[in-house]
Amino acid sequence: MKLLGLEPLTRHAFAPFGDVIEADDSAHHFAINGGNTERYHDLARLDPGDGGRIIVSIFRAQPRALPFPITMLERHPLGSQAFVPLSGRDYLVVVAAEPAPSALRCFLARGTQGVNYAPGTWHHPLLALDEVCDFLVLDRSGAGSNCDEVMLPEHPVVGAMNGCWSA
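My aim in this report is to walk through the structure given alongside it, one point at a time.

### Considerations on the nonpolar core
- Phe14, Val93, Phe107, Val115 and Phe135 are the most contacted members of the largest nonpolar core, which totals 19 residues.
- Counting 16 residues, the second largest nonpolar core, distinct from the first, contains Ile70, Leu73, Leu92 and Leu127.

Below you can see the structure in the form of structure tokens.
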């Protein structure tokens, strides 16, 4: 059984797949509203694609029991897709440059971090941990098929051993 290594979610590590959405000092930010609010500005490149529009939804993700086999991936070729956790709980992000088990990367996202998948980025659907989690989703609506799915020939596993993530 092949175990996926778990990486911390950082802007640099996730850049090939899209954007990390979080309010931290590395993000462009400035005071607004008479100094009562700090604006973390332009955190993700939302792309509805030609003829599309951005829609806002809430996805309620059921928790996944670990170890968890990665059996499929999906992508949205026509537009980006952003997920911002509303429950404040950590979750997993599995992405790949191509739909192959050897290309998979697994990130541990803190409950204060969102992700924006660039158009065409292969990823696993939401992987909530421990409890049901809600996510604010900024997605594309419009003409054309915007979801491709592929089943993987091998099933790498995301898991935990003795309370520690395995690599």
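Don't stop here, the text continues.
### So, the pairing of strand S9 (residues 91-96)
- Most of S9 sits inside the fold, with 6 of its 6 residues counted as buried.
- On S9, burial covers both faces: Tyr91, Val93 and Val95 on one face and Leu92, Val94 and Ala96 on the other are all buried.
- Two elements, S9 and strand S10 (residues 104-109), share 6 bridges in a ladder whose sense is antiparallel. Across the sheet, the residue bridging to Leu92 is Leu108, located in S10.
- One ladder, built from 2 bridges, connects S9 with strand S13 (residues 127-128); its direction is antiparallel.

Quick notes on the rules
- Residues numbered from 1 in each chain as written.
- Predicted model: local features only at pLDDT ≥ 70, side-chain atom pairs only at ≥ 80, totals over all residues.
- Heavy atoms only, no water.
- Core = buried A, V, L, I, M, F, W, Y, C linked by side-chain atoms within 4.5 Å.
- Buried < 20%, exposed > 50% of the residue type's maximum accessible area, 1.4 Å probe, protein only.
- Helix = DSSP H or I, 4+ residues; strand = E, 2+ residues; numbered from the N terminus.
- Pairing = 2+ DSSP bridges.

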